[in-house]
Amino acid sequence: MMEGFTRTEIKTSGAKIVTVHGGKGPPLLLMHGNPFTHLSWHKIAPRLAEKFTVVATDLRGYGDSEKPPGGEDHSGYSFRTMAQDQVEVMASLGFNKFMAAGHDRGARVLHRMALDHPDKVQRAAILDIIPQHNLYTHMTREWAKASYHWLFMIQPEPLPERLMSADPDFFITTKLSKSKAGLSFFGKEALEEYKRCFRNPATVHAMCEDYRATYGVDFEMDKIDFAAGRKMTCPALILWGATGAVGRNHKPAEVWKDYATDIRGTAALPCGHYLAEEAPEETYRALREFFLSK
């Protein structure tokens, strides 16, 4: 599915990270969301590799990447920790500065990375999220219904883990069937890989630790940054799905002004939450144009 890409495991200071890379040109890091792997980019990564050296990873805890303990405060799965993994992956490949795109959880990792490592991230494309600081401070009935898993997965271990793993295929396919299109736009091989990884109880636990960290240590970091007026300063592109929960329940172009100083473009694409898989052509064009622009 990722023809022409080299797959490897890169040992960072905190975890072994599954990495695929290929192409030529300036470095571009792609980070997936929940409950996916690097294969969520399979429809557009080969085309981006015609102009960029594309690096796609499994975030720690996801896919076949290592699943270290989260710790008492779950900080082992904070976006700061995940961002550090990714920075070290890129450095091991010889890239001390790079552009990046992130979807869902990967976009949250990228947001934190741009704050913590402004000297590393040259451009950032944020796909279909509102900053968690804004979400947790502006909760609505509509958001709670659409994003119920945010509140479910932060419950103490082992409640969510046991319920999610009781019938993992049912849980993941139900979660991914968010629109009338159901699962139709997912590549068959990619979907089977998502299901395979989700059948691993350690992966489910890591995902819950990710969400617990978001509620706890990540939110505390965000509060401090927001109060201090710290924003993402690199050139940013904000994309979202017009018919997804972000597009229906929020105004991303307005919200992100409170969190980024150099927004170069905003756009709603004709799809739901899964941009690169639902609307690959539109997503590819938007990313290519942004990352090639001066």
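Residues numbered from 1 in each chain as written. Predicted model: local features only at pLDDT ≥ 70, side-chain atom pairs only at ≥ 80, totals over all residues. Heavy atoms only, no water.

A. The arrangement of the pattern of salt bridges in detail. Taken as a whole and assessed by the stated rule, the structure comprises 19 salt bridges. A salt bridge links Glu161 to Arg212; its shortest N-O distance comes to 2.9 Å. Of this pair, Glu161 sits in helix H7 (residues 159–166) while Arg212 sits in helix H10 (residues 201–228), placing them 51 residues apart in sequence. Each member of the pair, Glu161 as well as Arg212, is classed as buried. A cluster of three or more residues bridged by salt bridges with shared partners is formed by Arg80, Arg112, Asp116, Asp222, Asp225 and Arg230. (Salt bridge = Lys/Arg side-chain N within 4 Å of Asp/Glu carboxyl O. Helix = DSSP H or I, 4+ residues; strand = E, 2+ residues; numbered from the N terminus. Buried < 20%, exposed > 50% of the residue type's maximum accessible area, 1.4 Å probe, protein only.)

B. Seen up close, the sheet that holds strand S2 (residues 16–23). In space, the 8 strands of this open sheet follow the order S1-S2-S4-S3-S5-S6-S7-S8, with mixed pairing throughout. Only two strands of the sheet have a single partner each, and these edge strands are strand S1 (6–11) and strand S8 (263–269). Taken over all neighbouring pairs, the strand axes of this sheet differ in orientation by 20° on average, direction set aside. In this structure, strand S5 (residues 98–103) lies alongside strand S6 (residues 121–127), joined through 6 bridges in parallel fashion. Note that in S6 the partner of Phe98 across the bridge is Val121. (Pairing = 2+ DSSP bridges. Axes fitted to C-alpha atoms, helices over the stretch in contact; angles between N-to-C directions.)

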